[in-house]
Amino acid sequence: MEFSPRVLNLLQERYLWPNEEPEEMFDRVAFSVAMNSKEYKHFKRIFNDLAFIPSTPILTNAGSNIPSLFACYFLSIPDNIDGIMEMASISAKIYKHSGGLGIDLSNIRPRGSLVRTTRTIASGPVSFLYIFDSVAEVVKQGSRRAAVLGSLNIYHQDAEEFILAKNLQNNGGNEGYLKNFNLSVIIPNKFFEELNSGSAREQELFDLLANSIWTSGEPGIILIDRHNAAWPLSYKRPIQGVNACGELSMTHGESCCLGAINLLKVVKNFTIDYNYLEELVRLGVHFLDNVISISTYPTSLIESTTKELRKIGLGTMGLHSMLLALGLQYNDQEAYNITGKVYKFINDTAIDESERMAKKLGPFPAYDDSNMAFPPRRNVTLTSGQPSGSTSMIASGTGLLSSGIEPFFSNQYIKDTIGGEQVELPDNILCAVDLTYEEHIRMLEVCQRHIGSSVSKTINMPNSATVEDVKSAIQRMYEGGIVKNITLYRDGSRDKQVLNNLKRSGCRGGVCSL
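### Quick notes on unusual backbone geometry
Here's step 1: A cis amide bond, omega 0°, links Glu-218 with the succeeding residue Pro-219.
Here's step 2: Along the chain, Pro-219 falls in the loop between helix H9 (200-216) and strand S8 (220-223).
Here's step 3: Not every positive phi belongs to a glycine, and Ser-98 is a case in point at roughly 70°.
Here's step 4: With a phi angle near 45°, Ser-388 is a residue other than glycine that sits in the positive phi range.

Put into structure tokens, the structure is as follows:
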């Protein structure tokens, strides 16, 4: 197992304990999570092969005195000051152990409302974003940015203020404004139905939303009815929002552990080795289910909710790398076909393994056979589409590996992160900046169709894209009936961005011009 200097720098800065080598890190994680010697050997083998990589909290915290191993949490913020401050306290514990957090503020009364108990005027949900942002800023570990996503229902009276909360034109171009937060609006199907029937109010909000996205890439969109339509417990415990990166549909007080399969490792002689992929899926399900059992939790609520559902996030990394190894461009028809087949295989195999485990260990405690149209299984949902940014760098070893389901950003780009990555690819490879938004959306739909929870993916748009282009892309994703979350980013809409294109010519149709 070898690593490039940039990966070693990343490992040393963020993951390795003092005097620890990468092999020792993987051994520590395998030993801490395995329930027996057989599991330990299997986990260590797939780690050393860089074929399955757990999330950052697992890599950094496993084997410690306080082994909090979850990457994702979600809290629904109540409409009272005691409850709000309690949630802020819980958020500090989450940030302390490298967890990301989704919070929904839709319950908080609008700005200007009367608070009867104190005869004062409410400051509204947006004002409380600053409390959570300040907590994140103080508590976050080292140089790692705390990942927090704040959401608000589009029909909340303060929706306009929320939509503009991070708009650069609205805050004097200050990109440090709420810098630990991403924002998303929760939109039910009713909104688009009213919008498309000509409602003036919905049109006004849609115009504001599209203009803000065009200006600064925020907020994102959570299509909440899609989440609940795919959620087996929506009849009694509906999905309220998503985690910090959007790949998990979540309820209040829930946490989830993540791990990702390196898809490049399942390509053998220009074909998919489904036997190896099956082994990785089954071991990944066991590993993540073990994490739920051995981890500590920030609060008793989070522990009880997590163990009642036993949700896991088995994801992937290296989709674009896999397609290139098969001799395919990201937007080839055969690429869409193979991707669909691979992700269906992963999801079906994960469910099968979870059903096998339920026969031995019991189903997730919230399982209700009278209301669920599937056999007992160990985990309520199993697959997710996380971005796997830093962990994909680890899995790259001495080479390059695409993150999550994303294509490589450009043939020449710089990734402004710890371990800062400068990527150069052959000019004949089509990358994110070369693809139309329709091609991005199509791949997102192919993956989401076979993922139990949700998918984190950016729909890249060129700097020349218009507000009308943004509106068209949003409508396209709603009308497709599959996508659960929408994240659009117009290249260069912020002065500072993680991925910066170094190539200024040669892209198809001039799409990547800056």
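### What to know about helix H3 (residues 37-48)
Along an α-helix, a turn takes 3.6 residues, which lines up residues three or four apart on a common side.
Here's step 1: End to end, H3 covers 16 Å across 12 residues, agreeing with the expected 16 Å (1.5 Å per residue, within 8%).
Here's step 2: Within the sequence span of H3, burial applies to Glu-39, Phe-43, Ile-46 and Phe-47. One side of H3 carries all its buried residues, which in axial view fall inside an arc of 105°. Opposite the buried face of H3, at more than 90 degrees from it, the exposed residues are Ser-37, Lys-38 and Lys-41.
Here's step 3: Close packing links the buried residues of H3 with helix H2 (22-33), strand S1 (52-54) and helix H11 (274-294).
Here's step 4: For H3, the N-terminal cap is Asn-36; the gap from its side-chain oxygen to the backbone nitrogen of Lys-38 is 3.2 Å.
Here's step 5: Positive backbone phi, approximately 55°, marks Leu-50, located one or two places after H3.

### Observations concerning the side chain of His-320
Here's step 1: Residue position: His-320 is located in helix H13 (residues 319-325).
Here's step 2: Judged by relative accessible area, which is 0%, His-320 ranks as buried.
Here's step 3: If sequence neighbours within four positions are ignored, His-320 has contacts with Tyr-330, Ser-402, Glu-406, Pro-407, Phe-408, Ile-429 and Leu-430.

### Side note on the nonpolar core
Here's step 1: Of all hydrophobic cores here, the largest spans 128 residues; its most connected members are Phe-287, Leu-319, Met-322 and Leu-488.
Here's step 2: With 10 residues, H11 is the single largest residue contributor to this core.

### Thoughts on the side chain of Asn-262
Here's step 1: Mapped onto the elements of the fold, Asn-262 is located in strand S11 (residues 254-262).
Here's step 2: At 3.1 Å, the side chain of Asn-262 and the backbone nitrogen of Leu-264 are in polar contact.
Here's step 3: Not counting the four nearest positions on each side in its chain, Asn-262 is found in contact with Leu-50, Ala-51, Met-317, Ala-395 and Leu-401.

### Observations regarding the packing of aromatic side chains
Here's step 1: Counting across every chain of the model gives 15 aromatic pairs.
Here's step 2: Both rings, one in Tyr-155 and one in Phe-191, keep their centres 6.1 Å apart while their planes meet at 65°; by these two values the pair is edge-to-face. Note that Tyr-155 is positioned in the loop between strand S6 (148-153) and helix H7 (159-163) and Phe-191 in helix H8 (residues 189-196), a separation of 36 residues in sequence.
Here's step 3: Look at Tyr-155 and you get partly exposed, because its relative accessible area is 34%.
Here's step 4: Consider the rings of Phe-192 and Phe-206, whose centres lie 6.4 Å apart with planes at 70°: the pair is edge-to-face. Of the two residues, Phe-192 sits in helix H8 while Phe-206 sits in helix H9, which places them 14 residues apart along the sequence.
Here's step 5: Looking at Phe-206, the relative accessible area reads 3%, which means it is buried.
Here's step 6: Each residue in the set Phe-26, Phe-43, Phe-47, Phe-52 and Phe-287 is aromatic and connected to the rest through ring pairs, giving one cluster.
Here's step 7: Directly above the ring of Tyr-155 sits Lys-190, whose terminal nitrogen or CZ lies 5.3 Å from the centroid.
Here's step 8: The cationic tip of Arg-377 hangs over the ring face of Phe-374; the distance from NZ or CZ to the ring centre is 3.9 Å.

### So, H11
Here's step 1: Over its 21 residues, H11 runs 30 Å from end to end, which matches the ideal 30 Å to within 8%, given 1.5 Å per residue.
Here's step 2: Where H11 starts, the residue carrying a side-chain oxygen 3.2 Å from the main-chain nitrogen of Asn-275 turns out to be Asp-273.

### A look at the packing of H2 against H3
Here's step 1: Here H2 crosses H3 at 150°, and the two axes come no closer than 9 Å. It follows from the interaxial angle that H2 and H3 lie roughly antiparallel. Relative to H3, the crossing made by H2 is right-handed. On the side of H2, the interface is formed by Phe-26, Asp-27, Val-29, Ala-30, Phe-31 and Val-33, while H3 contributes Tyr-40, Phe-43, Lys-44, Phe-47 and Asn-48.
Here's step 2: Here the residues of the contact of H2 with H3 are counted per class, giving eight nonpolar, one polar and two charged.

So, how was this worked out
Residues numbered from 1 in each chain as written. Predicted model: local features only at pLDDT ≥ 70, side-chain atom pairs only at ≥ 80, totals over all residues. Heavy atoms only, no water. Helix = DSSP H or I, 4+ residues; strand = E, 2+ residues; numbered from the N terminus. Expected span 1.5 Å × (residues − 1). Buried < 20%, exposed > 50% of the residue type's maximum accessible area, 1.4 Å probe, protein only. Arc of directions from axis to C-beta. Contact = heavy atoms within 4.5 Å. Polar contact = N/O pair within 3.5 Å; in protein donor to acceptor, adjacent residues only side chain to side chain. Core = buried A, V, L, I, M, F, W, Y, C linked by side-chain atoms within 4.5 Å. Phe/Tyr/Trp six-rings, centres within 6.5 Å; stacked < 30°, edge-to-face > 60°. Lys NZ or Arg CZ within 6 Å of the ring centre and 35° of its normal. Axes fitted to C-alpha atoms, helices over the stretch in contact; angles between N-to-C directions. Parallel < 35°, antiparallel > 145°, perpendicular 65-115°, else oblique. Left-handed = near helix turned anticlockwise from the far one by under 90°. Nonpolar A, V, L, I, M, F, W, Y, C, P; charged D, E, K, R; others polar.

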